[in-house]
Every structure is written in structure tokens, then in C-alpha cells.
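Structure assessment
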Amino acid sequence: GRREPFAMRAASAAAALAPAVSFPRHRRRRGAPPVAARASDNLGLTLEAPGWSGGYGTGGRVWLSSDVLIEFLRENDDVVRDASVFELGSGTGAVGIAAAALGARSVILSDGGSDSLVRLAKDNASRNVASGAIDGAKTTI
């Protein structure tokens, strides 16, 4: 028989393997809490996400994809429990910090952005260790 093009076969396979999970679409209204606040609510995280200001660029905000990934990890914490996590392009560090809060053994946050952006991720991680949201004795971040 006739074979489907590779892209169509790959898309069909991905759709078959993907969990049947739907996430609500979020639109930020004037005065609504930033995405960082929503992503951290269930984990007790405190994240500073100043947005584009101060030389942070795109990494200074928590994107919706991070919010969705954090929710997925929260619902499937066995994915990161006792694991080593390396987050590329971490920006604020939201996903890696969430992984640490969910029991990752080691988390490395990395970003090729400005020095101020890297400092922001470090500060967010330190703030959550200090608050007890991340067990600093168990997780290296």
C-alpha cells in the first residue's frame, strides 16, 4: 500500500503516545497575577519574574509553556523525584526550581542570557531554599 510521508507518520505516532491531558488556556488580564504566581501556587514557590525590564529579555518572564510543564510535573512527580535535572534556557528558573521542590536530587539551571538573568535564576533558587520550599539538604541547585 501507499506509505504516509514521514512527518505525517511521526505526528500520528506522537498523537497516539501523548497523554490525553488538556490544559486550560490562560490569558493575563490587567491586574491578574503573573504566570509565575500561578505556577508556584500549588508548590509554595516564590519566583521573581520582572519581565523584559532590567536587561532580562525574554528570560525575565515565566512563559505559559513553563506553567504547563510545571503542572505536568506536579501531577507526575515521579518523573523528577530523585532525578538529576538540567534545564536549558531556564530564565527565571521556574521549571528547574519546581523540579527541585518535587524532589529532584540535583538541578542545574542554565541560560545564555545576561548576567542579570543568571543572577535572577540564582536568587529565585536561593529564595526558595531559604523559605523551605526546596530542601537544600537533599537537593543541590
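Scroll up a little and you will see the structure.
Here is a short report on the structure shown in this document. (Residues numbered from 1 in each chain as written. Predicted model: local features only at pLDDT ≥ 70, side-chain atom pairs only at ≥ 80, totals over all residues. Heavy atoms only, no water.)

A few points about the pairing of strand β2 (residues 106-109)
Pairing between strand β1 (residues 84-87) and β2: four bridges, direction parallel. From the neighbouring strand, Phe86 faces β2, where its bridge partner is Ile108. Handedness of the crossover is the feature at issue here: the chain leaves β1, passes through helix α4 (residues 94-101), returns alongside β2, and the resulting connection is right-handed. (Pairing = 2+ DSSP bridges. Helix = DSSP H or I, 4+ residues; strand = E, 2+ residues; numbered from the N terminus. Right-handed = clockwise from strand over helix to strand, strands pointing away.)

Some points on the packing of aromatic side chains
A complete count under the given rule lists zero aromatic pairs for this structure. Positioned above the aromatic ring of Trp63, the side-chain terminus of Arg61 is 3.8 Å from the ring centre. (Phe/Tyr/Trp six-rings, centres within 6.5 Å; stacked < 30°, edge-to-face > 60°. Lys NZ or Arg CZ within 6 Å of the ring centre and 35° of its normal.)

Some remarks on the packing of helix α3 (residues 64-75) against α4
Two numbers describe how α3 lies on α4: the axes approach to 9 Å, and their chain directions differ by 10 degrees. The orientation of α3 with respect to α4, classified from their angle, is roughly parallel. Two secondary-structure elements touch here, α3 through Ser66, Leu69, Ile70 and Leu73 and α4 through Ala94, Val95 and Ala98. Grouping the constituent residues of the contact of α3 with α4 by class yields six nonpolar, one polar and no charged. (Axes fitted to C-alpha atoms, helices over the stretch in contact; angles between N-to-C directions. Parallel < 35°, antiparallel > 145°, perpendicular 65-115°, else oblique. Contact = heavy atoms within 4.5 Å. Nonpolar A, V, L, I, M, F, W, Y, C, P; charged D, E, K, R; others polar.)

Let's talk about a nonpolar patch on the surface
A contiguous nonpolar surface patch, about 340 Å² in accessible area, is contributed by Phe86, Leu88 and Ile108. Relative to the elements of secondary structure, Ile108 occurs in strand β2. (Patch = residues over 30% accessible without salt bridge, like charges linked within 9 Å, V, L, I, M, F, W, Y side chains within 5 Å. Areas by Shrake-Rupley, 256 points an atom, 1.4 Å probe, with all protein chains shown as cover. Salt bridge = Lys/Arg side-chain N within 4 Å of Asp/Glu carboxyl O.)

Some details on helix α5 (residues 115-130)
For α5, which comprises 16 residues, the first-to-last C-alpha distance of 22 Å matches the rise-based estimate of 22 Å (1.5 Å per residue) to within 8%. Within α5, burial applies to Ser116, Leu117, Leu120, Ala121, Asn124, Ala125 and Asn128. Just downstream of α5, Gly132 is the residue with a positive phi angle, here 90 degrees. (Expected span 1.5 Å × (residues − 1). Buried < 20%, exposed > 50% of the residue type's maximum accessible area, 1.4 Å probe, protein only.)

A word on the pattern of salt bridges
Per the counting criterion, the structure on display carries three salt bridges. Between Arg127 and Glu48 there is a salt bridge, with the nearest N and O atoms lying 3.5 Å from each other. Here Glu48 lies in the loop between α2 (35-41) and α3 and Arg127 lies in helix α5, a separation of 79 residues in the sequence. The partly exposed category is assigned to Glu48, whose relative accessible area is 36%. The salt bridge involving Glu71 is made with Arg74; its shortest N-O contact spans 2.6 Å. With Glu71 and Arg74 both in helix α3 and three residues apart, this pair spans about one turn of that helix.

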